[in-house]
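Okay, here's what each chain looks like letter by letter:
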Amino acid sequence: MAGILFIISAPSGSGKSTLVNQLRTLASGLEFSVSHTTRAPRGSEEEGREYHYTTREEFERMVAAGEFLENAEVFGNLYGTACRSLSDADREGKDLLLDIDVQGAAQVREKLPDAVSIFIMPPAPDVLATRLRNRSRAEGHVEEKVIERRLAKARQEIENYRQYGYILVNDILDRAVEQLAAIVSSERIRRSGAMVDTEAARLIAIAEACRQRNSIERLRPVLASFGLLNT
Ligand code: ADP
Ligand code: 5GP
C-alpha cells in the first residue's frame, strides 16, 4: 500500500484498546481497520464499529476466496483482516492501523515487510492480572480460570516481542500514549523526507527510544517478571 501500515499487537488486558482509542483522538489521516470475527459482540459493541461479526461459514468462504490479508484463531474464535481494508485506506490516501494478534502480525510482515509493527507489553504479570480482573468486574463477571488462561497466553505472546520494530511498556498511560503517537509521527516524518524541525526531532527521539533494538535495558525487568529473561 502507498500509505503506512501500522500493526499493533498486545496480550489481552495490556491496555491496547485504551491506547488505540486515545491515538484515534490524536492522529489524523489514520484509518483503523475493522476486522472480521466469528466471536459474538460483547457489551456495547456494534456491528461495523469494533468488528464485522461473521458466521464461521461466511468466514471460511472468505478464507477460501482469498479475501483476507491475514487470519488466525485466537481464544477459539476466528479473526481476519480483509484485503479490502487496505485497498479502501489506499484509495482514501490514509495510513492504516491493524489491531491483530502475533500470528496475524507475522503473516502481514511476510507479505508487507514495510509495515511498522508495535508490541505493547504490560509492566508485570501482577499488574496484568489486576487489569484483567478490573475489566472483567466492570463487565459484570470475574472468572479466575479465564484470567489464568489469559496470563499464560500473555507470557507466550510476549516471547514474540523480538519480531516487532517498536516496544511500548504500558505502565503510565499518558507516557505510553505519547510514545505511540510519537511512533506514528516519526514514521511519517521519516518517510516524507520533510525537514526535521525541533518538534519533529523531539518526536523522533521519543520513537527511537522505543525501538526494540534500543529497548533491551528497559525491557529487562519486564521480561524478568514474566520469567522470560533468558529466552
Ligand atoms: P486490551 O485492549 O489490551 O485487552 P484494555 O484497553 O481493555 O486492554 O485495558 C485493560 C484494563 O486496563 C482496562 O480496564 C483499562 O482501563 C486498564 N488500563 C489500560 N491501560 C492502563 C494503564 N496504563 N494504567 C492503568 N490501567 C490501565
Ligand atoms: P478481542 O476478541 O478481545 O477483541 O480480541 C482478541 C484478540 O484478537 C486480540 O489480541 C486482537 O488483537 C486479535 N484480533 C482482532 N482482530 C484480529 C484480526 O483481524 N486478525 C488477527 N490475527 N487477530 C485479531
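Our subject is the structure listed above.
Below, the structure is looked at part by part. Starting afresh in each chain, residues are numbered from 1 along the sequence in its written order. To label them, take the chains in the order written and letter them from A, then take the ligands in the order written and number them from 1. Reporting of local features is limited, given that this is a predicted model, to residues whose pLDDT is at least 70; pairs of side-chain atoms are given and counted only at 80 or more, and all residues count toward the totals for whole chains, interfaces and linings. Note that the side-chain values use all heavy atoms of the structure and ignore hydrogens as well as water.

Our focus in this paragraph is the overall build of the protein chain. For the protein chain, the helix and strand inventory stands at 9 helices and 9 strands. The C-alpha radius of gyration computed for the protein chain amounts to 18 Å, which stays within 12% of the reference 17 Å derived for 231 residues, consistent with globular compactness. In terms of overall dimensions, the protein chain has a C-alpha envelope of 50 × 45 × 30 Å along the principal axes. Here's how the labels work: a residue is buried when its accessible area is under 20% of the maximum for its type, exposed when over 50%, partly exposed in between, all with a 1.4 Å probe on protein chains only. Buried positions account for 47% of the 231 residues belonging to the protein chain. Put simply, 70% of the contacts in the protein chain that link residues at least 6 apart link residues at least 24 apart. Calculation of accessible area relied on Shrake-Rupley with a 1.4 Å probe; when residues are assessed, cover is drawn exclusively from the protein chains displayed. For the protein chain, the accessible area works out to roughly 11800 Å², and carbon and sulfur atoms hold 50% of it. Asp and Glu count as negative and Lys and Arg as positive, but His and the ends of the chain are not part of the count. Each charge is placed at NZ for Lys, CZ for Arg, CG for Asp and CD for Glu. In the protein chain, the 31 positive side-chain charges and the 34 negative ones have mean positions that sit 3 Å from each other. Note on conventions: DSSP H or I runs of at least 4 residues are helices, E runs of at least 2 residues are strands, and numbering of each starts at the N terminus. Radius of gyration: over C-alpha atoms. The globule rule applied is 2.2 Å multiplied by the number of residues raised to the 0.38 power. Any two residues having at least one pair of non-hydrogen atoms within 4.5 Å are treated as being in contact.

Turning to helix 8 (residues 198-210), a few remarks are in order. Given a helix with a known number of residues, its expected span is that number minus one, times 1.5 Å. Between its first and last C-alpha atoms helix 8 spans 19 Å; for 13 residues at 1.5 Å apiece the expected length is 18 Å, and the two agree. Listed as buried for helix 8 are Ala200, Leu203, Ile206, Ala207 and Cys210. Looking straight down helix 8, one finds its buried side chains confined to an arc of 125°; they lie on one side. Of the surrounding elements, those touching the buried residues of helix 8 are strand 9 (166-169), helix 7 (173-192) and helix 9 (216-225). The directions from the helix axis to the C-beta atoms are what the arc is built from.

Just to be clear on terms, a salt bridge is a Lys or Arg side-chain nitrogen sitting within 4 Å of an Asp or Glu carboxyl oxygen. According to the stated counting rule, one finds 18 salt bridges in the structure shown. The residue lysine 94 makes a salt bridge to glutamate 31 at a minimum N-O spacing of 3.3 Å. Here lysine 94 is found in the loop between helix 3 (83-91) and strand 7 (95-99), whereas its partner glutamate 31 is found in strand 2 (residues 30-32), with 63 residues between them in sequence. Look at lysine 94 and you get partly exposed, because its relative accessible area is 27%. Glutamate 31 gets classed as partly exposed once you look at its relative accessible area, which sits at 28%.

All right, on to the pairing of strand 7 then. Of all 5 residues making up strand 7, 4 are buried, and the element is well covered by its neighbours. Across 4 bridges, the pairing between strand 1 (residues 5-9) and strand 7 is parallel. What sits directly across from isoleucine 8, in strand 7, is aspartate 99. By this definition, two strands are paired if DSSP reports at least two bridges between them. Direction of pairing for strand 2 relative to strand 7: parallel, over a ladder of 3 bridges. Each bridged residue has a counterpart across the sheet, and for phenylalanine 32 the counterpart in strand 7 is leucine 97.

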